[in-house]
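# What the coordinates show
Spelled out from the first residue to the last, the chains are:
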Amino acid sequence: MTNTALLAMDLQNAMVGRVEDDAYLPRVISAVDAARKAGVPVLHVVVGFREGHPDKHPRNKAFGALPDGAFTPGDPNAAIHPGVDPRPGEPVITKKRVSAFAGSDLDLVLRSRGIDHLVLAGIATSGVVLSTLRQAADLDFRITVLADGCADPDPEVHRVLTEKVFPRQADVVTVDAWTRTLTEA
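These lines cover the structure that appears in this document, whether it is placed above or below. (Residues numbered from 1 in each chain as written. Predicted model: local features only at pLDDT ≥ 70, side-chain atom pairs only at ≥ 80, totals over all residues. Heavy atoms only, no water.)

### Observations concerning the layout of surface pockets
The calculated volume of the largest pocket comes to roughly 690 Å³. Taken together, 27 residues make up the lining of the largest pocket; nearest its centre are Met 15, Arg 18, Ile 123, Ala 124 and Pro 153. Residue assignment for the lining of the largest pocket shows that the elements contributing at least two residues are helix H2 (24-38), helix H4 (125-138), strand E5 (142-151) and helix H5 (155-165). A class-by-class count of the residues in the lining of the largest pocket yields 16 nonpolar, three polar and eight charged. (1 Å grid on protein atoms, 1.4 Å probe; cavity = no way out; pocket = protein on both sides within 12 Å on 5 of 7 lines; lining within 4 Å. Points joined across faces, edges and corners; volume = space filled by probe spheres on them. Helix = DSSP H or I, 4+ residues; strand = E, 2+ residues; numbered from the N terminus. Nonpolar A, V, L, I, M, F, W, Y, C, P; charged D, E, K, R; others polar.)

### Considering the environment of Ala 5
Tracing the sequence through the fold places Ala 5 in strand E1 (residues 4-9). Taking relative accessible area as the criterion, Ala 5 reaches 0% and is therefore assigned buried. For the pair formed by Ala 5 and Ala 65, sequence separation is 60 residues and the distance between their alpha carbons is 33 Å. The contacts of Ala 5, once residues within four sequence positions are left out, are Val 40, Pro 41, Leu 43, Ile 115, His 117, Leu 118 and Val 119. (Buried < 20%, exposed > 50% of the residue type's maximum accessible area, 1.4 Å probe, protein only. Contact = heavy atoms within 4.5 Å.)

### Considering the pattern of salt bridges
Considering all chains together, one arrives at ten salt bridges under this definition. Between Arg 36 and Glu 90 there is a salt bridge, with its nearest N and O atoms 2.7 Å apart. Of the two residues, Arg 36 is situated in helix H2 and Glu 90 in the loop between strand E2 (42-47) and strand E3 (92-95); the sequence distance between them amounts to 54 residues. For the pair Arg 36 and Glu 90, one class covers both residues: buried. As a salt-bridge pair, Arg 159 and Glu 156 come within 2.7 Å of each other at their nearest N and O atoms. With Arg 159 and Glu 156 both in helix H5 and three residues apart, the pair spans about one turn of that helix. The network of salt bridges with common partners includes Asp 21, Arg 27 and Asp 148. (Salt bridge = Lys/Arg side-chain N within 4 Å of Asp/Glu carboxyl O.)

### Let's talk about the side chain of Thr 132
Checked against the element boundaries, Thr 132 lands in helix H4. Once residues lying within four places of it in the same chain are set aside, the contact partners of Thr 132 are Leu 7, Met 9, Ser 99, Ala 100, Phe 101 and Leu 120.

### Observations regarding the packing of aromatic side chains
Under the defined criterion, the tally for this structure stands at two aromatic pairs. Centroid distance Phe 49 to Phe 63: 5.4 Å. Interplanar angle 65°. Geometry classified as edge-to-face. Of the two residues, Phe 49 sits in the loop between E2 and E3 while Phe 63 sits in the loop between E2 and E3, which places them 14 residues apart along the sequence. The buried category is assigned to Phe 49, whose relative accessible area is 3%. Taking the relative accessible area as the measure of exposure, Phe 63 reaches 10% and is therefore buried. Here the aromatic rings of Phe 101 and Phe 141 are separated by 6.2 Å at their centres, their planes lie at 40°, and the arrangement is tilted. With Phe 101 in the loop between E3 and helix H3 (106-113) and Phe 141 in the loop between H4 and E5, this pair connects stretches of sequence that are 40 residues apart. (Phe/Tyr/Trp six-rings, centres within 6.5 Å; stacked < 30°, edge-to-face > 60°.)

### Focus on unusual backbone geometry
A cis amide bond links Ile 123 with the next residue in sequence, Ala 124, at an omega value of 15°. The phi angle at Phe 71 is positive, at roughly 60°, despite the residue not being glycine. Note on placement: Phe 71 falls in the loop between E2 and E3. Of note in the backbone geometry, Asp 140 takes a positive phi value of approximately 70° without being a glycine. On the basis of relative accessible area, Asp 140 is assigned to the exposed category, the value being 68%.

In structure tokens, the structure reads:
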């Protein structure tokens, strides 16, 4: 599975703190641990801005109204949650917008490693997961979405995306089902 990578997206303190499902983080941790054990690269994708926010635009509804200092290197809410902290050698990809590809070097890192299959987990289903899935599909990646490895503030939106929208462009499975494939390989 060396051509596969797990993208752990927006698992930053600010986002993880908003997830109401107490079992969510342990599920994601189990996916990250299983990937590491199976030799599947884990890439951590985070949203981040420079000090002073010269890279955010006020017209952007998602990021334009962020307070000064939000999601900058010194912001503790921007840190990756300690439960999924990157290990040495695991790249942290910093994006500037919703998609993991937007304003980042993700495509370069994936191509450099020969990765053509992305496994997506993260917060929010209607944000980074949807945007990344759409762009990855347009870039001809094979895609798997870990349905219960994604979280969204709106459970109905999460359901519609994982049950009706994502299957058009990706395989949608549970964390347990995916981790079983790693031990069977």
